[in-house]
Amino acid sequence: MAAPMEVAVCTDSAAPMWSCIVWELHSGANLLTYRGGQAGPRGLALLNGEYLLAAQLGKNYISAWELQRKDQLQQKIMCPGPVTCLTASPNGLYVLAGVAESIHLWEVSTGNLLVILSRHYQDVSCLQFTGDSSHFISGGKDCLVLVWSLCSVLQADPSRIPAPRHVWSHHALPITDLHCGFGGPLARVATSSLDQTVKVRRPHPTTVHERSPAAAGPQPGMQESPPPAPCCQDSRRLLIPWCSEPKDVQGVTMDLAEHHMFCGGSEGSIFQVDLFTWPGQRERSFHPEQDAGKVFKGHRNQVTCLSVSTDGSVLLSGSHDETVRLWDVQSKQCIRTVALKGPVTNAAILLAPVSMLSSDFRPSLPLPHFNKHLLGAEHGDEPRHGGLTLRLGLHQQGSEPSYLDRTEQLQAVLCSTMEKSVLGGQDQLRVRVTELEDEVRNLRKINRDLFDFSTRFITRPAK
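What you are looking at is a predicted structure, and each value in this text was computed from that prediction instead of being measured.

Engineer: Mind laying out the overall build of the protein, listing which residues take part and the relevant values?
Structural biologist: Across its full length, the protein holds three helices and 29 strands. Within the protein, the fraction of its 463 residues that count as buried is 45%. Taking the contacts inside the protein whose residues are at least 6 apart along the sequence as the reference set, 52% of them involve residues at least 24 apart. When the accessible surface of the protein is split by element, carbon and sulfur atoms take 56% of a total near 23,700 Å².

Engineer: So what's going on with a nonpolar patch on the surface? Residues and values would help.
Structural biologist: On the surface, a nonpolar cluster with roughly 300 Å² of combined accessible area is contributed by L443, I446 and L450. Residue position: L443 is located in helix α3 (residues 403-459). According to the relative accessible area criterion, L443 is exposed, its value standing at 51%.

Engineer: Before we move on, could you go through the packing of aromatic side chains and cite the residues and values that matter?
Structural biologist: Enumeration over the complete set of coordinates arrives at six aromatic pairs. Taking the centre distance of 5.8 Å and the plane angle of 50° together, the rings of Y34 and W65 count as tilted. Taken together, the residues span a long stretch of sequence, with Y34 in strand β3 (residues 30-34) and W65 in strand β6 (residues 61-66) at a distance of 31 residues. Of the two residues, Y34 and W65, neither departs from the other in class, the shared state being buried.

Engineer: Which residues make up the pattern of salt bridges, and what values do they have?
Structural biologist: Across all of its chains, the model carries six salt bridges by this definition. Its salt-bridge partner being D177, residue R42 comes within 3.4 Å of it at the nearest N-O pair. In this pair, R42 sits in strand β4 (residues 39-47) while D177 sits in strand β16 (residues 175-180), placing the two residues 135 residues apart along the sequence. The closest approach of N and O atoms between R441 and D438, which form a salt bridge, is 2.1 Å. Here R441 and its partner D438 are both found in helix α3, three residues apart, which amounts to about one turn of the helix. The class of R441 is partly exposed, set by a relative accessible area of 48%. Owing to a relative accessible area of 32%, D438 belongs among the partly exposed residues under this scheme.

Engineer: Describe the nonpolar core, listing the residues and the values that go with them.
Structural biologist: Considering soluble globular proteins, one finds that nonpolar side chains tend to be buried as a cluster. Core analysis: the biggest nonpolar cluster contains 20 residues, and L47, L53, I62, L86, V95 and W106 have the highest contact counts within it. Mapped by element, the contributors of at least two residues to this core are β4, β5 (51-56), β6, β8 (83-88) and β9 (94-99). Excluding residues that lie within four positions of it along the chain, L86 makes contacts with R42, G43, L44, A45, L53, A54, A55, I62, V95, L96 and A97. If you look at the next biggest cluster of nonpolar residues, it comprises 19 residues, including L96, I103, L150 and L154.

Engineer: Help me get a handle on the sheet that holds strand β24 (residues 295-296), residues and values and all.
Structural biologist: If you walk across this open sheet you meet the four strands as β20-β21-β22-β24, and the pairing is antiparallel. In the strand order of this sheet, the two ends are held by β20 (249-254) and β24, each with one partner. Across two bridges, the pairing between strand β22 (residues 270-274) and β24 is antiparallel. In the strand pairing of β24, F271 is matched with V295.

Engineer: Outline the environment of F361, listing residues and values.
Structural biologist: Locating F361 in the fold gives a position in the loop between α2 (354-357) and α3. Sequence separation of F361 and R69 is 292 residues, and the distance between their C-alpha atoms is 9.7 Å. Among all residues touching F361, those that are not within four sequence positions of it are E50, Q68 and S355.

Engineer: Describe the pairing of strand β12 (residues 124-129), listing the residues and the values that go with them.
Structural biologist: Along β12, five of the six residues are buried, which leaves the element largely enclosed by surrounding structure. Where β12 lies against strand β13 (residues 135-140), five bridges are found, and the strand directions are antiparallel. Across the sheet, F129 pairs through a bridge with F136, a residue of β13. Between β12 and the antiparallel strand that follows it, β13, lie five residues; S133 among them carries a positive phi value of about 65°.

Definitions and limits used
Residues numbered from 1 in each chain as written. Predicted model: local features only at pLDDT ≥ 70, side-chain atom pairs only at ≥ 80, totals over all residues. Heavy atoms only, no water. Helix = DSSP H or I, 4+ residues; strand = E, 2+ residues; numbered from the N terminus. Buried < 20%, exposed > 50% of the residue type's maximum accessible area, 1.4 Å probe, protein only. Contact = heavy atoms within 4.5 Å. Areas by Shrake-Rupley, 256 points an atom, 1.4 Å probe, with all protein chains shown as cover. Patch = residues over 30% accessible without salt bridge, like charges linked within 9 Å, V, L, I, M, F, W, Y side chains within 5 Å. Salt bridge = Lys/Arg side-chain N within 4 Å of Asp/Glu carboxyl O. Phe/Tyr/Trp six-rings, centres within 6.5 Å; stacked < 30°, edge-to-face > 60°. Core = buried A, V, L, I, M, F, W, Y, C linked by side-chain atoms within 4.5 Å. Pairing = 2+ DSSP bridges.

Shown next, in the form of structure tokens:
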């Protein structure tokens, strides 16, 4: 294969014939179909390029298939309630699922449920990892967007309750979608909401909670970047608030270069926002009549799924009008329409992994049984032996000691141990010698008594 093949992966809420369909992006040829249930919105994930996971609509389990054994359901991952969203880490080590207002984190190698995060006040609507798997972002119906550090969540101290690294509360209504760009913990994050806005932020490594723009004044020692490029301004504040009029925003995505942002509206239109052509203002309203050349028109119902090809030339959209459409970004023309049997719940463009194209491919490791109870819970699943669990140590939320501080602490401990061994060793030796001398005296006394008794018994005159 000369170049990586891009495929479109789609699901709908009806699924009479199959749960998920995979087709080649440019030719439209059907490649694979997976059977067994109905995938819910934001409920599709590719695990390590070997398994396909789908959170079942309104049900309390996640279906898992091997990419090539499409007709055989590999496993059902049971959850304590209906799964509202699902994602897997890019490195294939962890799986995240939203269950009501909680976030469940599994370790793929062991199937252990490591932690349950309960910091949202209403259902979690979307989840996504950063590209380096170091952080993940959650959005909920409580209007909050939380940024979590994976290391902090996987802390070794079970007595501490994990806290998000950032709490963003700029939205006034439930979060509908989020998109995380490249850059690891410094990637730009776009969030859409029913409050008719899309907001783009970049997490900052030192901030934990952001206040609303009205309450957040200038911070001491904080300098703002020059205004010409909005995406390069102070990332601790709102970068791009965007208003459609007067429709809700149901989906959002960006191209890989982050030159364009695409927003799906509740009436069926898709709006393109150019991120590097604005003047320096932080807010901009989008008016369809003034920006007619930036609108994709064709869907007849709300657009909930958006994805852009690797080169940024093609946009994929899924709608509640039961169609998936492929658009040419430059001309805004629809180049392919795929009709499904129900409202589209997931539509994404992926680089096809090797396992998807090779019929002989098998996963490197079998998928373990995923526990539905916390690791170490009293009334949880039976303990499983023979596995190796790697924990990342105690990562504090606040300031962590540097490597130099840790080296000095280790040196102090070693010196203290050596001092105790040298100075306290002689006293311990004297005590031990005394104990042994007493034991030798007792043994000698017992030996004499036995000898005297034997002598008397042997020399006693016979009667």
